[in-house]
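Summary of the model geometry
As a plain string of letters, each chain reads:
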Amino acid sequence: MGKDLKGKELGKGISQESTGLYSARFVDRFGKRKHKRFKKLQECRAWIADATYVDEHSDISMPSDMLVNQWFDYWIGIKKKTVRSNTVRNYTERYIKNIKPVIGKMTLSDVKPLHCQKIFYDMVDQGYRTSTIYQARIALYNMFEYAKENEVLCSNPCKKSVKSDMGKLLRRRLL
């Protein structure tokens with residue numbers, strides 16, 4: 001049990017450093033030590049809970065052969081436990097309508113930034129608003145970032161270079 005700077009117990013694998021940052025550590029099932037630092041205790045606890053759960057319940061043995069569709073099903077199953085149902089609904093809707101047709105049948109490791117950009121270009125061609133395209137970007141980025149954090153991917157293909165600020169702008173009526 002780690003302790004904070006005042007001596008209060010924080011939980012297994014969590015401690016507070018002299019800099020004020022919270023540190024989370026655990027050893028995965030392959031014997032590899034995982035470590036991450038956070039500014040907030042709540043973020044630290046959430047990360048260690050998610051990471052240990054994934055480690056214990058993960059059936060991912062060959063992530064390089066995994067299709068994007070399979071990763072989405074796995075990822076959204078975890079998200080259902082950590083985010084609001086409305087967020088899960090939005091992620092699922094954007095995935096099914098916009099992301100799946102473009103990259104759903106690709107292997108996870110084959111997805112490149114140009115594929116991500118194509119999703120947004122297709123949405124512009126279909127007449128989607130900028131806000132909807134941005135929602136699709138959030139879902140796509142979070143899905144790939146989770147794969148990166150858990151070392152399924154080396155890097156997130158939905159990088160800063162992938163632009164989503166396009167599409168129809170919402171015009172507001174003046175009273």
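Computed from a predicted model, the values in this text were never measured in an experiment. (Residues numbered from 1 in each chain as written. Predicted model: local features only at pLDDT ≥ 70, side-chain atom pairs only at ≥ 80, totals over all residues. Heavy atoms only, no water.)

Considerations on the sheet that holds strand 4 (residues 22-27)
Taken in spatial order, the three strands line up as 3-4-5 in an open sheet, and their pairing is antiparallel. Strands with a single pairing partner mark the edges of an open sheet, and in this sheet they are strand 3 (14-16) and strand 5 (33-38). Looking at each pair of strands side by side, their axes are set apart by 20 degrees on average, direction ignored. (Pairing = 2+ DSSP bridges. Helix = DSSP H or I, 4+ residues; strand = E, 2+ residues; numbered from the N terminus. Axes fitted to C-alpha atoms, helices over the stretch in contact; angles between N-to-C directions.)

Some thoughts on the nonpolar core
Counting residues in each nonpolar core, the largest one holds 32 residues, and the members touching the most others are Trp71, Trp75, Ile103, Leu108, Leu140, Met143 and Phe144. When contributions to this core are tallied by element, the ones reaching two or more residues are helix 2 (68-82), helix 3 (85-103), helix 4 (113-125) and helix 5 (130-149). Of all the elements, helix 5 adds the most residues to this core, at eight residues. Judged by nonpolar contacts, the second largest core, of eleven residues, contains Ala24, Phe38, Ile48 and Ala51. (Core = buried A, V, L, I, M, F, W, Y, C linked by side-chain atoms within 4.5 Å. Buried < 20%, exposed > 50% of the residue type's maximum accessible area, 1.4 Å probe, protein only.)

Structural notes on the environment of Leu67
By the secondary structure assignment, Leu67 is in the loop between helix 1 (41-57) and helix 2. Considering only alpha carbons, one finds Leu67 and Gly104, 37 residues apart in sequence, at a separation of 6.9 Å. Residues contacting Leu67, with those up to four places away along its chain left out, are Gly104, Lys105, Met106, Thr107 and Leu108. (Contact = heavy atoms within 4.5 Å.)

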